[in-house]
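# A structural walkthrough
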Amino acid sequence: MHVFDELDRQLIAILREDGRAPVAKLAAILNVSRATVQNRLDRLLDSGAVLGFTIRAREDHGPDGVHAIMMIEVSGKSTTSVIRKLRGLPELRQLHSTNGKWDLVAQLTAINLTDFDRVLRDVRGVDGITNSETSILLSSV
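Scope of this entry: the structure provided in the associated data block. Position labels on residues start from 1 in each chain and follow its written sequence. Owing to the predicted nature of the model, reporting of local features is limited to residues with pLDDT of at least 70; listing and counting of side-chain atom pairs is limited to 80 or more, with chain, interface and lining totals taken over all residues. For the side-chain quantities, the full set of heavy atoms in the structure was used; hydrogens and water were omitted.

Within this document, salt bridges are pairs made up of a side-chain nitrogen of Lys or Arg and a carboxyl oxygen of Asp or Glu, the two lying within 4 Å of each other. Considering all chains together, one arrives at eight salt bridges under this definition. A salt bridge links Arg118 to Asp115; the shortest N-O distance between them is 2.7 Å. Of this pair, Arg118 and Asp115 are both found in helix H5 (residues 113-124), three residues apart, which corresponds to roughly one turn of the helix. We note a salt bridge from Arg118 to Asp122, for which the minimum N-O separation is 2.7 Å. Pair noted here: Arg118 and Asp122 are both in helix H5, with a separation of four residues, about one helical turn. By the criteria applied, helices consist of DSSP H or I runs no shorter than four residues and strands consist of E runs no shorter than two, each listed in order from the N terminus.

The end-to-end C-alpha separation of helix H3 (residues 34-47) is 20 Å, in line with the 20 Å expected for 14 residues at 1.5 Å each. Along H3, the residues that are buried comprise Val37, Arg40, Leu41 and Leu44. The buried residues of H3 occupy an angular sector of 100 degrees when the element is viewed end-on, so they sit on one face. Turned more than 90 degrees away from the buried face of H3, the exposed residues are Asn39 and Asp46. Note on contacts: a residue pair qualifies if any of its non-hydrogen atoms lie within 4.5 Å across the two residues. Contacts from the buried residues of H3 go to helix H1 (6-17) and helix H2 (23-30). Positive phi appears at Gly48, one or two residues downstream of H3, with a value of about 85 degrees. To estimate the expected span of a helix, subtract one from its residue number and multiply by 1.5 Å. Each residue is placed in one exposure class: buried if its accessible area under a 1.4 Å probe, protein chains only, is under 20% of its type's maximum, exposed if it is over 50%, and partly exposed if it falls in between. What the arc covers is the set of directions going from the helix axis to the C-beta atoms.

Any two strands with at least two DSSP-identified bridges between them are counted as paired. Taken in spatial order, the four strands of this open sheet run S2-S3-S1-S4, and their pairing is antiparallel. Every other strand in the sheet has two partners, leaving strand S2 (92-97) and strand S4 (129-136) as the edge strands with one partner each. Each strand axis lies, on average, 20 degrees off the axis of its neighbour in the sheet, ignoring direction. Only C-alpha atoms enter the line fits that serve as axes; for helices the fit covers just the stretch in contact. Angles between N-to-C directions range over 0 to 180 degrees. On the sheet, helix H4 (residues 79-87) packs against strand S1 (66-74), S2, strand S3 (104-110) and S4 and is oriented at approximately 165 degrees with respect to S2.

At a minimum axis distance of 11 Å, the contact between H1 and H2 shows a crossing angle of 125 degrees. The orientation of H1 with respect to H2, classified from their angle, is oblique. As H1 runs across H2, the sense of the crossing is right-handed. Where H1 abuts H2, its residues Leu7, Gln10, Leu11, Ile14 and Leu15 lie against Leu26, Ile29 and Leu30. By residue class, the composition of the contact of H1 with H2 is seven nonpolar, one polar and no charged. Roughly parallel here means an angle under 35 degrees, roughly antiparallel means over 145, roughly perpendicular means 65 to 115, and every remaining angle is called oblique. Take the far helix as the reference: if the near one is turned anticlockwise from it by less than a right angle, the crossing is left-handed, and if turned clockwise, right-handed. Here the nonpolar group is Ala, Val, Leu, Ile, Met, Phe, Trp, Tyr, Cys and Pro; Asp, Glu, Lys and Arg are the charged ones; every other residue, Gly included, is treated as polar.

In structure tokens form, the structure reads like this:
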């Protein structure tokens, strides 16, 4: 397990804001060498502490689509492989481990109900998922 120091925390915080920031820019912001930043990034990736780099799209851009919360039950010790497969779905916005009846809680988004139906089939088809319950989010109150 990776133990984060302050430089790791700062690096991750910057990357959360701009996952496409070049190493030279990260080094300048952190006041360290480019080699230090690259070594830290390599170590964070190799250890699994950082899973990858992605974009964050504004929620108010594009069609409203269908938004839902899905509670997921996982069989046995397959949680790690289930998480890995789910994280590969572009419709997955957030994924949380939890306690209680459900093992994982996912926030999903699809462009329409037909696409949403496909996403549900994709998620339910993941080996290791034994049960799920999904609620479409209707409106914010």
